[in-house]
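# Analysis of the macromolecular model
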Amino acid sequence: MPGRVSVMEKSLIDVISSTLCFSPQFVAECAGQTASRRVFYKRAIIPKKRKPNAIRIVYLPSAEIKQIQHFLVECYLSKLPVHPAAQAYVKGGNVVKNAKHHQSNKHFLLLDIESFFDSLDADLFAEIVRKNRLFDSPLDIKALIALCTYESHFVQGCVSSPTIANAYLYDFDCEMVRLAKTLPNGKYTRYSDDIVFSSTEMIPWEIVRLVSESLRKYKLTLNSEKTHFISNRQLIRITGIRLGEQSKIGLDTRFKKALKSEIYQLHKKIQKGEATFSEKNHVCGKLAYLKMVEPRYYNFLIIKYRFGDISLLDYLAKAKFKAN
């Protein structure tokens, strides 16, 4: 497997070309080193789940760019340091583990980084790559960044953006862990752009100012509309996970009621021959999420929803669905 590329070895473009069986000219074109105007990304507009009138813009790379980015993540970008406080886009990290980190506390500060991926600075990331000696050649660093960006921006939709984001904020996460230690039983985690501080005592507003100042060094800003101090465990939701009493975590009643309704509605559509694969996948995705967060309630649903002698999962596996 390729390691660090040095000046004396083949260039990054040559390594990608020989490993993935693309022509050097094509890889150079993907890296924007030719005059070609071929478009390698498709713009997609996705409505936000909790805000029907709000949208999220995602840039979907072509199959070739995806393959190149997967290669870059596996062979190079994954070598960059990631702080244990980063709970997203890492092996073993998930929203449940992120919430559990704060279970012992009573006071919480929730923060959000504005326009996360788009705001990552390419020059600062290039310095991170140089500092960690991932590449020796400036041309290779330039090619790496070009292959992981759309119009010079790290965008949502790129395979490489999550890994880059965690590496980009490694030093920031180190600072935030030290800041959390100034609080009684202080805890800090970051799940992508969601920042959480928790403590056994009230968290002072000064923490927000210090986080904001630190982010400015990385050319990032806080979304002031998503800054929340919460001291009621019944109201706290950390990355969608509810912290209950006696160190219990779970999903709120609305999620469970909605899921039961969706299972019932899907059953009715299956009977009429109107159910689609996307509707089935939506329900199965929610069931998988429930199983991860609240396995007991998941088992309860699987037992409750039986169709004759067939369990819910077997019923969904055997039912017929229409193409979307």
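Anything mentioned here points back to the structure above.
Parameters and conventions
- Residues numbered from 1 in each chain as written.
- Predicted model: local features only at pLDDT ≥ 70, side-chain atom pairs only at ≥ 80, totals over all residues.
- Heavy atoms only, no water.
- Pairing = 2+ DSSP bridges.
- Helix = DSSP H or I, 4+ residues; strand = E, 2+ residues; numbered from the N terminus.
- Axes fitted to C-alpha atoms, helices over the stretch in contact; angles between N-to-C directions.
- Parallel < 35°, antiparallel > 145°, perpendicular 65-115°, else oblique.
- Left-handed = near helix turned anticlockwise from the far one by under 90°.
- Contact = heavy atoms within 4.5 Å.
- Nonpolar A, V, L, I, M, F, W, Y, C, P; charged D, E, K, R; others polar.
- Salt bridge = Lys/Arg side-chain N within 4 Å of Asp/Glu carboxyl O.
- Buried < 20%, exposed > 50% of the residue type's maximum accessible area, 1.4 Å probe, protein only.
- Core = buried A, V, L, I, M, F, W, Y, C linked by side-chain atoms within 4.5 Å.

### Notes on the sheet that holds strand S4 (residues 187-191)
If you walk across this open sheet you meet the four strands as S4-S5-S3-S6, and the pairing is antiparallel. If you trace the sheet from one side to the other, it starts and ends with S4 and strand S6 (228-230), each paired once. Pairwise comparison of adjacent strand axes, ignoring direction, gives a mean angle of 15 degrees for this sheet. With five bridges joining them, S4 and strand S5 (residues 194-199) adopt antiparallel strand pairing. Residue pairing in the sheet places Tyr191 in a bridge with Asp194 of S5.

### A look at the packing of helix H11 (residues 253-272) against helix H13 (residues 295-304)
Following both chains from N to C, one finds H11 and H13 inclined at 25 degrees, their axes separated by 12 Å at the closest point. Taken together, H11 and H13 sit at an angle that is classed as roughly parallel. Crossing geometry of H11 relative to H13 is assigned as right-handed. Only Tyr297, Leu301 and Lys304 of H13 make contact with H11, whose side of the interface consists of Lys256, Leu259, Lys260 and Ile263. Within the contact of H11 with H13, the residues separate by chemical class into four nonpolar, no polar and three charged.

### Remarks on the sheet that holds strand S8 (residues 241-243)
Pairing is antiparallel across the open sheet formed by three strands, whose spatial order is S7-S8-S9. Single-partner strands in this sheet number two, and they are strand S7 (237-238) and strand S9 (249-250). The sheet contact formed by S8 and S9 spans two bridges and is antiparallel. Bridged to Leu243 within S9 is Ile249.

### Remarks on the pattern of salt bridges
Throughout the structure, instances matching the rule amount to 13 salt bridges. The salt bridge involving Lys217 is made with Glu175; its shortest N-O contact spans 3.0 Å. Residue Lys217 is located in helix H10 (residues 206-217), and its partner Glu175 is located in helix H9 (residues 170-180); the two are separated by 42 residues in the primary sequence. Accessibility expressed as a relative area gives 19% for Glu175, which makes it buried.

### Regarding unusual backbone geometry
Unlike most non-glycine residues, Ser192 shows phi in positive territory, near 60 degrees. When you line up the elements, Ser192 lands in the loop between S4 and S5. Here Ser192 falls in the buried class, since its relative accessible area comes to 8%.

### A short note on the nonpolar core
Membership of the largest hydrophobic core comes to 67 residues, with the highest contact counts inside it found for Leu72, Leu77, Phe125, Phe197 and Val211. Excluding residues that lie within four positions of it along the chain, Leu77 makes contacts with Leu72, Phe125, Leu134, Leu144, Cys148, Ser160, Thr163 and Ile164. With 34 residues, the next largest nonpolar core counts Ile241, Ile249, Ile270 and Tyr305 among its residues.

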